[in-house]
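Commentary on secondary and tertiary structure
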Amino acid sequence: MFKCKTVWNKLAPLARASSMLCLQNARKSALRHGRRLEMVQKAQMSSGPAGGGGENTLYYVLIGATCLGAGVYAYRTVSGDKERYNERMIEIASRPKQEPQAAEAVVGAESKEEPVAEEPTLTEPPAEELLVTEAVVESTETEPVAEAPVTEPIVEASIPEPTVESPIREPVVEASVTEPVAEAPAVAQSEEPLAPVVESEPTPVIIAEHVPEASSVSESGKTADSKAAPAAEPVEPTAAPSDVPEHAPYLLIGGGTASFAAARSIRARDPGARVLIVTEESDLPYMRPPLSKELWFSDDPKAIETLRFKQWNGKERSIYFQPPSFYVSPTDLDKVENGGVAVLTGRKVVHMDVRGNKVKLSDGAEISYEKCLIATGGVPRNLQVIDRAGEEVMKRTTLFRKIEDFRSLEKMSREVKSITIIGGGFLGSELACALGRRSTDVGLEVIQMFPEKGNMGKVLPEYLSNWTTEKVRKEGVSVITDAVVKNVTYKNDKLEIKLKDGRLFKTDHIVAAVGLEPSMELAKSAGLEVDSDFGGYRVNAELQARSNIWVAGDAACFYDINLGRRRVEHHDHAVVSGRLAGENMTGASKPYWHQSMFWSDLGPDVGYEAIGIVDSSLPTVGVFAKATAKDTPKAATEQSGTGIRSESETEAVAGALKAETTATPPPIQQEEDYGKGVIFYLRDQVVVGIVLWNVFNRMPIARKIIKDGEQHADLNEVAKLFNIHED
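So, how was this worked out
- Residues numbered from 1 in each chain as written.
- Predicted model: local features only at pLDDT ≥ 70, side-chain atom pairs only at ≥ 80, totals over all residues.
- Heavy atoms only, no water.
- Patch = residues over 30% accessible without salt bridge, like charges linked within 9 Å, V, L, I, M, F, W, Y side chains within 5 Å.
- Areas by Shrake-Rupley, 256 points an atom, 1.4 Å probe, with all protein chains shown as cover.
- Salt bridge = Lys/Arg side-chain N within 4 Å of Asp/Glu carboxyl O.
- Lys, Arg positive; Asp, Glu negative; His and termini not counted.
- Charge placed at Lys NZ, Arg CZ, Asp CG, Glu CD.
- Helix = DSSP H or I, 4+ residues; strand = E, 2+ residues; numbered from the N terminus.
- Axes fitted to C-alpha atoms, helices over the stretch in contact; angles between N-to-C directions.
- Left-handed = near helix turned anticlockwise from the far one by under 90°.
- Contact = heavy atoms within 4.5 Å.
- Nonpolar A, V, L, I, M, F, W, Y, C, P; charged D, E, K, R; others polar.
- Core = buried A, V, L, I, M, F, W, Y, C linked by side-chain atoms within 4.5 Å.
- Buried < 20%, exposed > 50% of the residue type's maximum accessible area, 1.4 Å probe, protein only.
- Pairing = 2+ DSSP bridges.
- Phe/Tyr/Trp six-rings, centres within 6.5 Å; stacked < 30°, edge-to-face > 60°.
- Polar contact = N/O pair within 3.5 Å; in protein donor to acceptor, adjacent residues only side chain to side chain.
- Expected span 1.5 Å × (residues − 1).
- pLDDT = per-residue confidence, 0-100.

**A short note on a positive patch on the surface**
- Together, K486, K491, K498 and K500 give the surface a local cluster of positive charge.
- By the secondary structure assignment, K486 is in strand 14 (residues 485-491).

**Focus: the packing of helix 7 (residues 257-269) against helix 15 (residues 571-585)**
- At a closest axis distance of 7 Å, the pairing of helix 7 and helix 15 adopts a crossing angle of 35 degrees. Considering the relative orientation of helix 7 and helix 15, their crossing is right-handed. Here helix 7 contributes T257, A258, A261, A262, S265, I266 and R269 to the contact with helix 15, which in turn contributes H571, A574, V575, G578, R579, G582, E583 and M585.
- Each residue belonging to the contact of helix 7 with helix 15 can be placed in one class, and the counts come to seven nonpolar, five polar and three charged.

**Considering the nonpolar core**
- M352, I690, W693 and F722 are the most contacted members of the largest nonpolar core, which has 127 residues in total.
- With six residues, the single largest contributor to this core is strand 28 (residues 686-693).
- Excluding residues within four positions of it along the chain, I690 makes contact with E609, A610, I611, V614, V678, I679, F680, Y681, A702, I705, I706 and F722.
- Counting 15 residues, the second-largest nonpolar core is a separate cluster that includes I422, I497, L499 and I510.

**A look at the sheet that holds strand 14**
- Sheet architecture is open: three strands sit in the order 14-15-16, paired in antiparallel fashion. Either end of the sheet is taken by a strand with one partner, and the two such strands are strand 14 and strand 16 (504-507). Recorded for the sheet is a direction-independent mean angle of 20 degrees between the axes of neighbouring strands.
- When strand 15 (residues 494-499) meets strand 16, the two strands line up antiparallel, connected through four bridges. For L495, the partnering residue across the bridge sits in strand 16 and is T507.

**Quick notes on the pattern of salt bridges**
- For the structure shown, the criterion picks out 27 salt bridges.
- Linking E281 and R288 is a salt bridge whose minimum nitrogen-to-oxygen distance equals 3.1 Å.
- Overall, the relative accessible area of 24% leaves R288 in the partly exposed class.
- The salt bridge involving D554 is made with R401; its shortest N-O contact spans 3.2 Å. Of this pair, D554 sits in the loop between strand 21 (549-551) and strand 22 (556-560) while R401 sits in the loop between strand 10 (397-399) and helix 11 (403-413), placing them 153 residues apart in sequence.

**A few points about the pairing of strand 6 (residues 349-353)**
- Sheet topology note: the strand 6/strand 7 (residues 358-361) ladder contains four bridges and is antiparallel. When the bridges of strand 7 are listed, D353 appears paired with K358.

**Details of the environment of D332**
- Tracing the chain through its elements places D332 in the loop between strand 4 (316-318) and strand 5 (340-344).
- Taking the C-alpha atoms as reference points, D332 and A342, 10 residues apart in sequence, are found 8.6 Å from one another.

**Quick notes on the pairing of strand 16**
- Only one face of strand 16 is covered, namely the one carrying F505 and T507; the face carrying L504 and K506 has none of its residues buried.
- As consecutive antiparallel partners, strand 15 and strand 16 are separated by four residues, and within that stretch G502 has a phi angle of approximately 100 degrees, a positive value.

**A look at the sheet that holds strand 17 (residues 509-512)**
- Read across the sheet, five strands follow the order 10-17-11-12-13 without closing on themselves; strand pairing throughout is parallel. Edge positions in the open sheet fall to strand 10 and strand 13 (478-480), since each of these has one partner strand only. Each adjacent strand pair in this sheet contributes to an overall mean axis angle of 20 degrees, direction not counted.
- Across the sheet, helix 12 (residues 426-442) is in contact with strand 11 (418-422), strand 12 (445-449) and strand 17; its angle to strand 12 comes to roughly 160 degrees.

**Quick look at the packing of aromatic side chains**
- Here the structure, examined in full by the defined rule, presents 12 aromatic pairs.
- With 4.4 Å between their ring centres and 35 degrees between their planes, F558 and Y592 make a pair best called tilted. With F558 in strand 22 and Y592 in the loop between helix 15 and strand 24 (597-601), the pair connects residues that are 34 residues apart, well separated along the chain. For the pair F558 and Y592, a shared accessibility class is recorded, and that class is buried.
- Put simply, the rings of F426, W467, F598, Y608 and W693 touch in pairs and so form one group of aromatic residues.

**Looking at the side chain of D560**
- Residue position: D560 is located in strand 22.
- A distance of 3.3 Å separates a polar atom in the side chain of D560 from the backbone nitrogen of L563.
- When neighbours within four sequence positions are excluded, D560 is seen to be in contact with R565, R566, Y592 and Q595.

**Some details on helix 7**
- Helix length check: helix 7 (13 residues) gives 19 Å between terminal C-alpha atoms against 18 Å at 1.5 Å per residue, within 8%.
- Taken together, the buried positions of helix 7 are T257, A258, S259, F260, A261, A262, A263, S265 and I266.
- As for helix 7, its buried residues are in contact with strand 1 (247-253), strand 2 (274-278), strand 5, strand 8 (366-374) and helix 15.

**Here we look at the confidence of the model for the protein chain**
- Here the protein chain averages 75 in pLDDT, while 65% of its residues score no lower than 70.
- Segment residues 34-52 is flagged for pLDDT under 50; beyond a separation of four residues in sequence, or across chains, it makes 13 contacts in the model.
- Predicted confidence is poor over residues 97-240, with pLDDT under 50, and the contacts of this stretch with residues over four places away or in other chains come to 142 contacts.

Structure (structure tokens):
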């Protein structure tokens, strides 16, 4: 730099003199010719002997020397920076070598005993590569290398981290990596993957291809996946519980009647099928009707625990469809030779992946399937005024649905003095009669209230609903009609129920029996269509929601080929739809054609069976006759041999029975005592629903009438098919 300055000081006067001489010659020439100087004058810019050409040559030499000096200075500056950079990088890379004791502590005692594979060494790359590396460091704007002796340079996640011994360790920086991996002194970095190191068993192996999230810096400043902490275990993915199979060819979601009927149907058509039922309840599949009927009339005190009851005909049976020995263990489902049915209890399906054909359980386990049935049923609906009433009211309210609800209410009926049932439908009326029967023995007050004018007012015609209300009152129940609950409060150890008309009732416990809400929690994750009018999963006539997903039971909004789209919440429909779904899951492709029925018993003496659309808002025609001792639910079960009357149905009965030839009875007997009869529900003069009042084992006839869908000029003649006037 100093030499350049000295040369410039000597040559500068000559350059200035030459420039002044050129300028003077130009002015003289301009004055001599009397005009402006042209911009380009070749004579003065040439190197000839005349016109000052020697001065111009000297001027160019000076300018060239100046440029050359500047270039030499720039070259020396860059070379010096490069040398300093190399020295700095060598110093940083060699620092771990200065701490041999710390390195030995990281490797561990086991690594001293076993030989380690010979490792290649790295040589210093040329200066051009160092310049490129420096440029990459500046362009990525990553954090500079820390000067702490335990900090390692940044490593690309896709390059393995072999252990090498080299005096020079070059960092490889990637623009996609912004956070350094802390503390791995025994690991060097290279631009090319090297052979992995053979280590002893206790020492964890670090694979750079997978950096788990758990490798964040701990309180001691070390990462969980670093070799500097050999005691830390590698992070493993959460394994599914041992009792959850990974795959089930037939997966049934829900452990109710529909699921069991489907499983039995699948096994009947495919004897080697492997069926897995997943249920949120802790019990094996069971029937629900006895929970509000026969179990309340059992004389055996152990029936509460054993759930065995006597039917109206005196025969004993269990509430469970099959004993535990019928089922195989979920863990053995894929091992048994001829397949079987397994039940996974206490588990809830919370997510469905219909594209991946798998479901996720509440505990995180996943099960893949080939064909799936959704039979989740529903949850009891509650009154909003009770939901908003607070915790004390909710603790004293029962939503009746499951086995534990039955046991809890049965125990409650023996401890409290008053129970109020809100709801006048099937469940509410059955529970009212059941509790009313024991009210005298235990000193229990039973109250039933509902907004209709009579029991089952939404189903039965008004005259029959009024008769049913009086029947319930005779059972010892205080029936409150036209009752709309305004609010419920808890005061002085009592629940106070205030109605909109100002009436106030005090009670100890409330049973809300106001309907069922279909369980559709899987609709969003599975992308299944929900019916906006009836609720439930919308399926076709084959009960199919998707190509390999079926729905049955209370949660299915199906297309009835005779009555249109419907959703039914009864035991027999669960049996029929579950059986049909199971057949279609094995390739039957059958449409829904079998009209399911439902029944209700107000004790052992009065009961009815119904089929089709039974809505009290429709026009009805009733034909009644005098009842005999055979026309009771008890007598019906004695004749059929089963307490679940839908189990005794056969289509052959409809063809075997013939109309009677006795005289035609009057259309409707306007009397207070309706012994037995048939009620027809009409829509556009076509029978769409039938109620058999104390008439049993005639449901196949009713089913055939609805299936035909014909108009009948005289329904009295149609009533003869049921033989209601026979002795």
